[in-house]
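Summary of structural features
Each chain, written out:
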Amino acid sequence: MTRGISGGQKKRVTTGEMLTGPARALFMDEISTGLDSSSTFQIVKYVSQLVHVMNDTVMISLLQPPPETYNLFDDIILLSEGYMVYHGPRGNILEFFESAGFRCPERKGVADFLQEVTSKKDQQQYWYLDQEQYRYVPVLEFAEHYKSFHVGQQMLEELKIPFEKSKTHPAALTTSKYGQSSWESFKAVMSREQLLMKRNSFIYIFKVSQLIILGLMAMTVFLRTEMPHGQISDGAKFFGALTFSLITILFNGFAELQLTIKILPTFYKQRDFLFSPPWTFGLANIILKVPVSFVEAGVWVVLTYYVMGFAPSAGR
């Protein structure tokens, strides 16, 4: 019934999550879907900072981005009808279309202009060669024109030179399976599990309170004055008390099972994206959750053991 975080916040969290791990190349498809222009701008701004600081490679496809978001990109790839119309620096794209006879009006967003200039319906309004008769320029012609444009020629020249693997920068590709060492990964997972336990502290307090109430009830049912222990047949009552204790502790731990099942999709996703080794998740849970189970069992035993009339010596 409680409303969670908004779609924009989910997008930010997912983007931040995907920046974790060893990946140095990110491909982001239609990340602006369902977001307002401000949220899109913020996400792209932080990603562009990451690109320039960390030397990562990021490719983002956007449908009609606002001008301020468009201006954050270094290179533009314009696709239309299955052809690559332009691929190169953002600063040269208007020059390319002007060389083909189309000019972007001053108050027009460049992204909208690029969307419309390749379509048959909207193309004519951008034709600026008054001395020449307008004719529809199909997408294939733009793609051919790009090859003769200086940006396209420069790219073709670069592609002609075979790639020398020996000259690859050591940081260009990931050489380790995980983004950090096993110890650092374990510390990060441990810290996250501690935080989750702190947030779910109500559950653990509730479970202990529930045990205390059930313990008080069990003490009145199996009171030691009603628990004679002289004959073998009297053992049945003690078996009953032990069975009740075992079932209570067992069912008290079921709440933990629900939490574990709930977190599994996140665990599988992070495991598949190599955020951290899977054993770190298991070990962190064992270290943090097993002491809680001991505390719960301890609370039950301290309350019920003597009152139920089990062997009174501490060693037992």
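An unreviewed UniProt entry lists the protein chain under the name ABC-2 type transporter domain-containing protein, with Aegilops tauschii subsp. strangulata as the source organism. Per UniProt, the comment on the protein chain under Subcellular location (unreviewed entry) is "Membrane".

Looking at where lysine 289 falls in the secondary structure, it is placed in helix H12 (residues 278-308). Residue lysine 289 is classed as buried on the basis of its relative accessible area, which comes to 17%. Spatially, the C-alpha atom of lysine 289 lies 32 Å from that of lysine 237, the residues being 52 residues apart in sequence.

Glancing now at the pairing of strand E3 (residues 75-80). Every second residue of E3 is oriented toward a common face, the buried set being Ile76, Leu78 and Ser80 and the non-buried set Asp75, Ile77 and Leu79. Where E3 lies against strand E4 (residues 83-89), six bridges are found, and the strand directions are antiparallel. Residue pairing for E4: aspartate 75 is matched across the bridge by proline 89. As consecutive antiparallel partners, E3 and E4 are separated by two residues, and within that stretch glutamate 81 has a phi angle of approximately 50 degrees, a positive value.

With that out of the way, let us pick up the domain arrangement of the protein chain. We note that the domain assignment places domain 1 (7-167) and domain 2 (182-308) within the protein chain. Look at where the C-alpha atoms of domain 1 and domain 2 centre, and you get two points 55 Å apart. Each partner contributes residues to the interface: domain 1 has five residues there, and domain 2 has five residues. Together domain 1 and domain 2 conceal approximately 430 Å² of surface at their shared face, both sides included; 67% is due to carbon and sulfur atoms. Across the domain 1-domain 2 interface, the total number found is one salt bridge. A salt bridge links lysine 269 to glutamate 17; the nearest nitrogen and oxygen atoms lie 2.8 Å apart.

Turning to the nonpolar core, a few remarks are in order. The biggest cluster of nonpolar side chains holds 36 residues, and the ones touching the most others in it are Tyr86, Phe97, Phe102, Phe113 and Leu114. Looking at this core, the elements with two or more residues in it are helix H2 (37-54), E3, E4, helix H4 (93-99), helix H5 (110-117) and helix H6 (139-148). Of the residues forming this core, the biggest block, five residues, is contributed by H5. Of all hydrophobic cores here, the second largest spans nine residues; its members include Met227, Ala241, Trp300 and Met308.

Cut-off values and rules
- Numbering of residues starts from 1 in every chain and runs along the sequence as written.
- For a predicted model such as this one, the threshold for reporting local features is a pLDDT of at least 70, and the threshold for listing and counting side-chain atom pairs is 80 or more; totals across whole chains, interfaces and linings nevertheless cover every residue.
- Remark: hydrogens and water are excluded; side-chain values derive from all non-hydrogen atoms of the structure.
- UniProt positions are given in the numbering used here, feature names are shortened, and annotations may be inferred rather than shown by experiment.
- In this description a helix means any DSSP run of H or I spanning at least four residues, a strand means any run of E spanning at least two, and both kinds are numbered starting from the N terminus.
- Burial classes: relative accessible area under 20% of the type maximum marks a residue as buried, over 50% as exposed, and values in between as partly exposed (1.4 Å probe, protein chains only).
- Strand pairing requires that DSSP identify at least two bridges connecting the strands.
- Where a domain begins and ends is set by an automatic assignment or by a domain database.
- Two residues form a contact once any of their heavy atoms are found within 4.5 Å.
- By convention, the term buried area covers the 1.4 Å-probe accessible surface removed from two parts as they join, with the contributions of both added.
- Salt-bridge detection follows one rule: a side-chain nitrogen of Lys or Arg within 4 Å of a carboxyl oxygen of Asp or Glu.
- As used here, the term nonpolar core means buried Ala, Val, Leu, Ile, Met, Phe, Trp, Tyr and Cys residues forming a set that is joined through side-chain atoms within 4.5 Å.

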